[in-house]
Each structure stands twice: as structure tokens, then as C-alpha cells.
Amino acid sequence: MQKWHQTFHRNTGLSPYVWVVFCILPFYFIIHSSSMLETVIGITMVITFFGCYALSFLAKGWQIYFWTGAQIAISVAMTVVYGYVYFSLFLAFFIGNIRNRAGFFTLYTIHLVGTIATINYGFVTKNSLLLTQFPFVLISLIAVILLPISTYNRNKREQLEGQLENANKRISDLVKLEERQRIARDLHDTLGQKLSLIGLKSDLAMKLISRDPDQAQAELLDVRLTARSALKEVREIVTNMRGMRIEDEIVHMRQMLKAAEIELSLEGDSKSISMSLLSENVVSMCLKEAVNNIVKHSHATSCTVSMESTDSELLIRVTDNGVGLGKLDKMPDKPLGNTQGNGLRGMKERLEFINGSLEIESGNGTTLLMRVPNLVKQPLEEVRS
């Protein structure tokens, strides 16, 4: 359990001053009691309630349910004797923050049944205080029904989002580790064999240089050709390291969307795309940013990526069934201008760098349409020549 002063304002959306009013209000009901004994008992119960409430945030295990049960009993007594029903709001908020599923539903049921029973009892006995504040009592009853469920679901969602973020970080680390291992294998297979061959032929040429100069010259020629071949393969490895392929990015997209429990539909063949390495790298980065936005902000359950290549341009459409940019911009916990807005602006700038464009459609979900000039990439040998 978190401390109450850390969770009240964030989880309820109410100003702390509203809760201060609820803390002071029971004393107003108590001073209207008919005798000094009832006043003393009422003040004692209020102080005891808040003491149990503070202890319930500090307690662990079975102690949480003990202190919560004591609060429910005091809340019922305050409603029956003094007509003060608003302790039920404190309990509704606290019960919603219980993470254990069985414990949550047990206390939620007990609290709801107890609140409904005491309110009905007050109306049957014609408790004047309850009757005069009927609209507020009705609002409190609705809060007792809805607040625990909404708080419990919010906490669950935040927990799942935290697990998703950790999973994405884990996937990213594994991808980096796999890339390092691949680079190490490529360098070992490329340079290891070639350098060993160069060393052996150099030793042989040293031995033959005095006995058979022609053969020594042939061996040195082989050394030069082998060195050039090794240099060519190293350049190819470096080129592949610098560039991000669309085909590889789609694999990463599948992993991330699967971890976020978002269904991916892919239309078009990424293997048939023929474009310059620079353009392909930019498109891959934009796809990565689009998927990150969908996972973090859209609340979508499905995503469709379609690729259509024409003679003049490549069209890539990324569509999700999420809340859309209009609704997302109104959500206080998802500031569009600070996070996703920067991502979309960065995508647009990257595409403009290669004479591409970005179009955004938002309604029931969001659609990103990327247009990139379809410049056929030249073979590596032709570029070097």
C-alpha cells in the first residue's frame, strides 16, 4: 500500500482540501447530538477511525483487513447513530487500492452491503439528518459503488503498463545483445579466416623469396587480393551496421506489439521494397516511432501496417483502433504536445529530409500515411566504382 498523501489527489482527482472538509464534517454532526455522552463517544469514534485509517496504510498482510474491518464498523455506527455516512468515501478509496483480488472483492462486498443496509435503516427509522441530506447521501452511495472499482482497475492498468515497459526494455536489451553477437560472429568469420590466410601466405612468401622469386611473387599477389577481399567484406558489415532495414524493423514491431497484446496485421511484402539505404533507414526509424506511439499512447488492441510500392513512391500506412489524437489530447495523463507530438514532428522532419511526407488522420483511431520517393538502390560495386 502507498501512503495516503501520495495517492489521494492522484487517484481520486479531488483536491486535498475536499478531503479536509470530510475530516472536519463529522464533528459538526456530533455536536448536534442530544447528550454529552453521545458527543464524547462520537469524537472518540472519529479519532479512532482516522487512527485505524492511518494504520491501514502502514500495515501489511492480515493487519490491513483487521484495521479496515474496524473502520467499516465505525462507519456503520456513525451512520446509524449520527447520520454521518461520508466515512464510506474514505473506505471506498482505500479498498480500491488493495492489490489482492480476493481481499479487494471481499472488503468491497462487505462495505457495499453495510453502507446500503445502514442507509436504508436510517430512511426506515426516518433519521432526520439522513433525510435532509438525501442528494449527498445518494452521491456517496454511487461513489461507494464506483470508486473502488475504478481505483482498482487504474492500479491494475498502471501495474500492467509497468510490466510492459520492463518487457520492452528487456526486448531492447536482448536485441542489442543479439546484434553484438552477430557483429562478433561476422567479424570472426570474415577477418579471422582472411587474416590467418594472409599470415600463412606471408610466411610462405618469406621462405620462397630467395629460392623461387616467381612463386613468392604469386603468393604476395594472393595476399593483396585476400586483403582487398577482407576490406570489402568489412565495409559491407559496417554498411549493414549503419543502416536499419525495414524487414528487420518489422520483426522488432511484431515483438513489441505482441508484448503489448496488440494484434498486428501486415499487408504487402517488405522484401520486395527496393530503395536506397538512407531512405530505408529513415522509414525504419519512422515505423519504430509510430509503433512506440501506439504502444504508449493509443490504448489500441489492433494495428495494421500496409506497404504499397509504385514506380514513383512507396506508400506506408500505419493504422490503429485506439482513442485517436483528438481524445488523447484531452487526457491529462497523456500530454500530446510534450511526448507524442514531438515524436510525430520528428517523423515528419525525417521524411522531409528524403523528400517524403507524413499525413495524419484521426477519428476512431489514428492513421499515419508515409510517402517516400521510390529511388532504386544501386549495387554496392557500382557505387564504389
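Residues numbered from 1 in each chain as written. Predicted model: local features only at pLDDT ≥ 70, side-chain atom pairs only at ≥ 80, totals over all residues. Heavy atoms only, no water.

Per the secondary structure count, the protein chain includes 14 helices and five strands. The buried share of the protein chain, taken over its 385 residues, is 38%. Expressed as a percentage of contacts within the protein chain between residues at least 6 apart in sequence, the contacts between residues at least 24 apart total 70%. (Helix = DSSP H or I, 4+ residues; strand = E, 2+ residues; numbered from the N terminus. Buried < 20%, exposed > 50% of the residue type's maximum accessible area, 1.4 Å probe, protein only. Contact = heavy atoms within 4.5 Å.)

Taken as a whole and judged by the stated rule, the model has two cavities of 30 Å³ or more. By volume, the second largest cavity is sized at about 50 Å³. Around the second largest cavity, the lining residues are Ile72, Ser75, Val76, Thr79, Leu91, His111, Gly114, Thr115 and Thr118. Among the elements of the structure, helix H4 (62-82) and helix H6 (101-124) are those that each provide at least two residues to the lining of the second largest cavity. Taken together, the residues of the lining of the second largest cavity sort by class into three nonpolar, six polar and no charged. (1 Å grid on protein atoms, 1.4 Å probe; cavity = no way out; pocket = protein on both sides within 12 Å on 5 of 7 lines; lining within 4 Å. Points joined across faces, edges and corners; volume = space filled by probe spheres on them. Nonpolar A, V, L, I, M, F, W, Y, C, P; charged D, E, K, R; others polar.)

A separate point is the nonpolar core. In this structure, Phe49, Tyr53, Met78, Tyr84, Tyr86, Phe87 and Phe94 are the most contacted members of the largest nonpolar core, which totals 36 residues. Elements supplying a minimum of two residues to this core: helix H2 (16-30), helix H3 (36-58), H4, helix H5 (87-96), H6 and helix H8 (134-211). For this core, the element with the highest residue contribution is H5, accounting for eight residues. Ranked by size, the runner-up nonpolar core spans 35 residues in total, among them Met253, Leu287, Met307 and Val318. (Core = buried A, V, L, I, M, F, W, Y, C linked by side-chain atoms within 4.5 Å.)

So, about the pattern of salt bridges. In total, this model carries five salt bridges according to the counting rule given. One salt bridge in this structure joins glutamate 313 and arginine 371, with 3.0 Å as the shortest N-O distance. Taken together, the residues glutamate 313 in strand S3 (residues 313-320) and arginine 371 in strand S5 (residues 365-373) connect sequence positions 58 residues apart. The closest approach of N and O atoms between glutamate 359 and arginine 371, which form a salt bridge, is 3.3 Å. Note that glutamate 359 is positioned in strand S4 (residues 357-363) and arginine 371 in strand S5, a separation of 12 residues in sequence. The class for glutamate 359 is partly exposed, based on a relative accessible area of 34%. A relative accessible area of 28% places arginine 371 in the partly exposed class. Here the residues in one salt-bridge network are Glu313, Glu359 and Arg371, joined through shared partners. (Salt bridge = Lys/Arg side-chain N within 4 Å of Asp/Glu carboxyl O.)

Looking now at unusual backbone geometry. Note: most residues except glycine have negative phi, and most peptide bonds are trans. The phi dihedral of histidine 299 falls on the positive side, at around 60°, and the residue is not glycine. Its place among the elements puts histidine 299 in the loop between helix H11 (277-298) and strand S2 (302-309). The class for histidine 299 is partly exposed, based on a relative accessible area of 37%. Even without being glycine, asparagine 355 reaches a positive phi, approximately 65°. Inspection of the secondary structure puts asparagine 355 in the loop between helix H13 (340-353) and S4. Judged by its relative accessible area of 67%, asparagine 355 falls in the exposed class.

If you trace the five strands from one edge of the open sheet to the other, you get S1-S2-S3-S5-S4, paired in mixed fashion. At either margin of the open sheet sits one strand with a lone partner, and together these are strand S1 (263-267) and S4. Taken pair by pair, the neighbouring strands of this sheet meet at an average axis angle of 10°, ignoring direction. Bridging between S2 and S3 involves seven bridges; their strand directions are antiparallel. Residue pairing for S3: threonine 304 is matched across the bridge by threonine 319. Against the sheet, H11 contacts S2, S3 and S5, and its axis sits at roughly 10° relative to S3. (Pairing = 2+ DSSP bridges. Axes fitted to C-alpha atoms, helices over the stretch in contact; angles between N-to-C directions.)

Moving on to the packing of aromatic side chains. Evaluated as defined, the whole model comprises 14 aromatic pairs. For the pair phenylalanine 49 and phenylalanine 90, a centre-to-centre distance of 6.2 Å together with 80° between the ring planes defines the contact as edge-to-face. One end of the pair, phenylalanine 49, is in helix H3; the other, phenylalanine 90, is in helix H5, with 41 residues separating them in the sequence. In this structure phenylalanine 49 comes out as buried when scored by relative accessible area, which is 0%. The exposure class of phenylalanine 90 is buried, given its relative accessible area of 2%. Measuring from centroid to centroid gives 5.0 Å for phenylalanine 66 and tryptophan 67, while their planes differ by 75°, and the two rings are edge-to-face. Overall, phenylalanine 66 belongs to the partly exposed group, its relative accessible area being 48%. On the accessibility criterion, tryptophan 67 (23% relative accessible area) is partly exposed. Members of the aromatic cluster, joined through ring pairs, are Phe49, Phe50, Tyr53, Phe87, Phe90 and Phe94. (Phe/Tyr/Trp six-rings, centres within 6.5 Å; stacked < 30°, edge-to-face > 60°.)

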